[in-house]
Amino acid sequence: MADSPSTPHGPPPSFFQRLGMAFGAFSAVLGDAGFAARFAALRRGTAAPPSAPVAAPVPAPAPAAAPALKTLDSSAALQLLALLQREARLIDFTRESLAGYDDAQIGAAARLVHEGCAKVLREHFDIVPVRSEAEGSRVTLPAGFDAALVRLTGNVTGSAPFTGSLAHRGWRAAEVKLPRLAEGHDARVLAPAEVEL
Amino acid sequence: MTAARYAIGIDLGTTHSALSHVDLAASDDDRPVLQVLPIPQLTAPGAVENLPLLPSFLYLPHADELAPGELTLPWAEERGHVVGELARRRGATTPIRLVSSAKSWLCHSGIDRRAAVLPPDAPPEVARVSPLEASTRYLQHLRDAWDAAHPDAPFAEQDVTVTIPASFDPAARELTLEAAQAAGYPALTLLEEPQSALYSWIEASGGGWRKQVRPGDVILVVDVGGGTSDFSLIAVLEREGSLELHRVAVGEHILLGGDNMDLALAHTVARKLAANGTNLDAWQLRALTHACRGAKERLLGGSGAPAEPIVVPSRGSKLIGGAIRTELTHDEVAAVILEGFFPAVAADARPVSRVRAGLAQLGLPYAQDAAVTRHLAAFLGRQQDALRTLEGFAGRQPEGAGFLHPTALLFNGGVFKSPLLAERTLATLNAWLAAEGAGPARLLAGADLDLAVARGAAYYGRVRRGRGVRIRGGTAFAYYIAVESAMPAVPGLEPPVQALCIAPFGMEEGTDAPLPALELGLVVGEPVHFRFFASSVRRQDAVGTLLDSWSPDELQELDAISATLPPEGRSPGDLVPVRLHARVTEAGTLELEALPVSGGERWKVEFDVRGEREAASA
């Protein structure tokens, strides 16, 4: 890709290629608001390179698409739920009413759930603390610290560097090792019903 | 030797298998870069995960049991069977379709190892597989996993070592080789597991091992795996200024391992529950076994707690209401595991032969005595003369010793993750040594108890290229066939039988035994069987030695061997005089051939693995 010819436009597309593009554009404009916005800009002649304008600050194209909030594919979440049910019976545990059981009975079940959850976390995630300092110790955050990694609380005033007491070390998943799923596997089945023959 | 890029070591275990590898090009001499291959395997229907170990289980699902596509592996569509973690899990709830302990079946002389007999209690509609076929599928899975991860270095072009128990007899070794060939393996080498564990310890020491052992040391390797216990003795020599290692003795095949211990604990707890009126079903008993394993590891791990709670979940979705709560006490674990499996016996203790209902299941010849320490005492007692002829060891063992005195101890197998069991074994051995006025044995620390065998096997691939120290010793058995002695027949009495040595102790790989002078008669066109024996103690017998009598401890009978002479150029029924020739192949298997006294032909002599020992004639 790096050494491909840098001509912005290749040779003009043939008629049949254009026909295919026209049908593709029809459905893309209908189905993809972002594409439609870029298409509108192209028609107005303010065309920039078609893909993400990274460096050049583009003069805001007409009605800017709303800031994108992504919805994650739910299959990884379903997969984790299935693992927690399989190893820790977490769904069974949380769906059961605690009324009518004494603490010893709940505690016995909690042991199973605790052990199983710990196993799932241990085997599928590499969870490490965000900060290596002991909780309670004084830490200093330099200017430009990553606000996603450290949350400031309490008397949040002034400017960096900020010095405060570490209330929680934080957790970060350094690695995620979820099972790969077969094509067509229905992740919504969290635990199949069991029928003993 | 080919230009292999990697040396691959495969631990084909009774309960778990693993693959380790070392890049032959990239390693310098004392710090080879050993890696363990994560094995992609099904862990649930439709879900594939990478795990360091491949459980040695094969599940044969019903046609309607799984949705289409749920058995897809990264390298294959449906195979119709499941290997690994999912097989183990499924098999726990549907044992009639589960093949387990295939390796123990592979060396079980009571059955035909090539016949489809597993699972032993499967209903007729299940298409059973042979122990050979099951082993092939595990090896195939490991090969596929390698090829998927290394498209640029195909498995078939690498240098492969597969480990086997030191106690495997020639037939079991050959079957392992046959399984590997069926799985598409290249020419490979077999390596004894205790040796592999020692190689791994040498590798892990990063060159420091030369400071931890000295000439005159006798290293005892105690390997207690999930299903088998295996012992070996390795002597340390100095020759021309450098240290040499010689494996001088191996133990018997003992079907006794960590799984027996977990089962024994579960039954103890189940009895306790039954006494209080709670009876567990088979599903709950398995869950209990699992819970006992965890509690045992915590109690034996030196937590100091007097008891660990045990919770057996209900099978239904009512978890809190259905769970059964009990506990496993330290005293119970001590009684069942320490006193049951590792009792502090005297050096002259020997295993007791009696049927133990708790261990006997599925027809495998489980050890009748559960005490690992008694088996160990018997091994050291039987091998007390093992060092007599070894260079530099004359006079090192005290006269009149009741057993062979080791000076160092190396553990292998997950059982010894428990410091209590390791300490008990070491203390028992040291008490035996102290009773005979010898100093205590040192513990060789730092072994990776789960993966040492696979790692050592990969390391061995380098050793075979002359990089690093090699353990010598050759075969740990001398082999004999039974011949009828030339005595006048006495009516009503079977003719006495003599044992003819055809392969001496200590044959190295790739060597031939000389031809015995004694000729045997083979009938053309008919299979002729010979009773076949091995001795782990008769080190002096040369080829041609005839034994008139022997004690049961000296010679063990193995599967018979048989030869069939093709009738080409002869009339069927003719008696042809032949001599038996033995060689140890490069792979490490014993090969027997019948050589007619006249003519240059050779016929292969086969090991009978059809479980017909009783029917074989002398």
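Since we're looking at a predicted model, the values are computed, not measured. (Residues numbered from 1 in each chain as written. Chains lettered and ligands numbered in written order. Predicted model: local features only at pLDDT ≥ 70, side-chain atom pairs only at ≥ 80, totals over all residues.)

### A look at the overall build of chain A
Using the following cut-off: The helix and strand labels rest on DSSP assignments: H or I over at least four residues marks a helix, E over at least two residues marks a strand, and numbering proceeds from the N terminus. Backbone-placed C-beta atoms define the burial measure: a residue is buried with 20 or more other C-beta atoms within 10 Å of its own, exposed with 12 or fewer, and partly exposed in between. In this description, a residue-residue contact is defined by the distance between C-beta atoms placed from the backbone, which must lie within 7 Å.
The helix and strand inventory of chain A stands at five helices and five strands. Taken from N to C terminus, the helices and strands of chain A fall in the order α-α-α-α-α-β-β-β-β-β. Relative to its full complement of 197 residues, chain A shows a buried share of 8%. Partitioning the intrachain contacts of chain A with sequence separation of at least 6 by distance along the chain shows that 65% fall at a separation of at least 24.

### So, the sheet that holds strand 14 (residues 242-250) of chain B
Residue and element names in this part refer to chain B. Here is the rule we go by: Note on pairing: DSSP must find at least two bridges between two strands before they are called paired. Note on definitions: angles span 0 to 180 degrees between N-to-C directions of axes, and those axes are lines fitted to C-alpha atoms, for helices only across the stretch in contact.
The mixed open sheet is built from six strands, whose spatial order is 18-17-12-13-14-19. Looking at the sheet topology across the chains shown, the edges are occupied by strand 18 (442-443) and strand 19 (471-472). Two strands pair when backbone bridges link them, and strand 17 (residues 408-412) and strand 18 are joined in this way by two bridges, in the parallel orientation. Its bridge partner being in strand 18, Ala408 is matched across the sheet by Arg442. Its contacts with the sheet place helix 11 (residues 372-382) against strand 12 (218-224) and strand 13 (229-239), and it is angled at close to 40° to strand 13.

### A look at the interface of chain B and chain A
Operational definition: As a working rule, the residues Ala, Val, Leu, Ile, Met, Phe, Trp, Tyr, Cys and Pro are called nonpolar, Asp, Glu, Lys and Arg charged, and the rest polar, with Gly in that last group.
Facing the 18 residues of chain B at the interface are 18 residues of chain A. Those elements that place two or more of their residues in the side of chain B that touches chain A are strand 5 (47-51), strand 15 (307-312) and helix 9 (319-322) of chain B. A breakdown of the residues in the side of chain B that touches chain A according to their chemical character gives eight nonpolar, six polar and four charged. For strand 5 (residues 180-181) of chain A and strand 5 of chain B, the ladder comprises two bridges, and the chain directions are antiparallel. The residue of strand 5 of chain B that forms the bridge with Leu181 of chain A is Ala47 of chain B.

### A word on helix 7 (residues 258-275) of chain B
Residue and element names in this part refer to chain B. Put simply, the rule is: Given a helix with a known number of residues, its expected span is that number minus one, times 1.5 Å.
For helix 7, with 18 residues, the first-to-last C-alpha span of 26 Å sits near the 26 Å given by 1.5 Å per residue. Those residues of helix 7 lying buried are Gly258, Asn260, Met261, Asp262, Leu265, Ala266, Val269 and Ala270. For helix 7, the secondary structure elements touched by its buried residues are strand 12, helix 8 (282-300), strand 15, strand 16 (324-329) and helix 10 (330-341). Of the residues trailing helix 7, Gly277 is marked for its positive phi of about 90°.

### Thoughts on the packing of helix 7 of chain B against helix 10 of chain B
Residues and elements named next belong to chain B. Note the cut-off: Any angle between 65 and 115 degrees counts as roughly perpendicular, while under 35 counts as roughly parallel, over 145 as roughly antiparallel, and the rest as oblique. Throughout, a crossing is termed right-handed when the near helix is turned clockwise from the far one, and left-handed when it is turned anticlockwise from it by less than a right angle.
Interaxial distance between helix 7 and helix 10 falls to 10 Å at its minimum, and their mutual angle equals 140°. Considering their axes alone, helix 7 and helix 10 lie oblique with respect to each other. In the packing of helix 7 onto helix 10, the handedness of the crossing is right-handed. Each of Met261, Ala264, Leu265 and Thr268 in helix 7 lies in contact with helix 10, whose residues at this interface are Glu332, Val333, Val336, Ile337, Gly340 and Phe341. Of the residues contributing to the contact of helix 7 with helix 10, the split by class is seven nonpolar, two polar and one charged.

### Observations regarding unusual backbone geometry
Here the residue pair Ala160 of chain A and Pro161 of chain A is connected by a cis peptide bond, since its omega of 0° sits within 30 degrees of zero. Structurally, the position occupied by Pro161 of chain A is in the loop between strand 2 (138-141) and strand 3 (162-165). Pro119 of chain B follows Leu118 of chain B through a cis peptide bond whose omega is -5°. Along the polypeptide, Pro119 of chain B turns up in the loop between helix 2 (102-106) and helix 3 (131-149). With a phi close to 55°, Arg89 of chain A is a non-glycine residue in the positive phi region. Considering the arrangement of structural elements, one finds Arg89 of chain A in the loop between helix 3 (75-88) and helix 4 (90-95). By C-beta crowding, Arg89 of chain A is classed as buried, having 23 other C-beta atoms within 10 Å. In this model, Glu240 of chain B sits at a positive phi of 50°, which is unusual for a non-glycine residue. Tracing the backbone shows Glu240 of chain B in the loop between strand 13 and strand 14.

### Notes on the packing of helix 3 of chain B against helix 4 (residues 170-182) of chain B
Residue and element names in this part refer to chain B. At a minimum axis separation of 8 Å, helix 3 and helix 4 run at an interaxial angle of 50°. Between helix 3 and helix 4, the crossing angle belongs to the class labelled oblique. Crossing handedness for the pair helix 3 and helix 4: right-handed. For the pair helix 3 and helix 4, the contacting residues are Leu132, Ser135, Thr136 and Leu139 in the first and Leu175, Thr176, Glu178, Ala179, Ala180 and Ala182 in the second. For the contact of helix 3 with helix 4, the class distribution of residues is six nonpolar, three polar and one charged.

### Points about the nonpolar core
All names here are of chain B. Heads up, the condition is: Note on terminology: a nonpolar core is a set of buried residues of type Ala, Val, Leu, Ile, Met, Phe, Trp, Tyr or Cys, with members joined through C-beta atoms within 7 Å.
By size, the foremost hydrophobic cluster in this structure holds 193 residues, and its most contacted members are Leu19, Leu198, Ile219, Leu410, Tyr480 and Ile502. If you tally residues by element for this core, the top one is helix 13 (residues 452-463), at eight residues. In this structure, Leu410 is in contact with Ala197, Leu198, Trp201, Ile219, Val221, Leu444 and Ala447, ignoring residues within four places of it in sequence.

### Structural notes on the domain arrangement of chain B
Residue and element names in this part refer to chain B. Our working rule: Segment limits for the domains were obtained from an automatic or database-derived domain assignment.
For chain B, the assigned domains read domain 1 (6-191), domain 2 (201-255 + 368-468), domain 3 (258-341) and domain 4 (478-615). Inter-centroid distance (C-alpha atoms) of domain 2 to domain 4 is 33 Å. Across the contact, five residues belong to domain 2 and four residues belong to domain 4. In terms of residue class, the side of domain 2 that touches domain 4 is built from two nonpolar, two polar and one charged.

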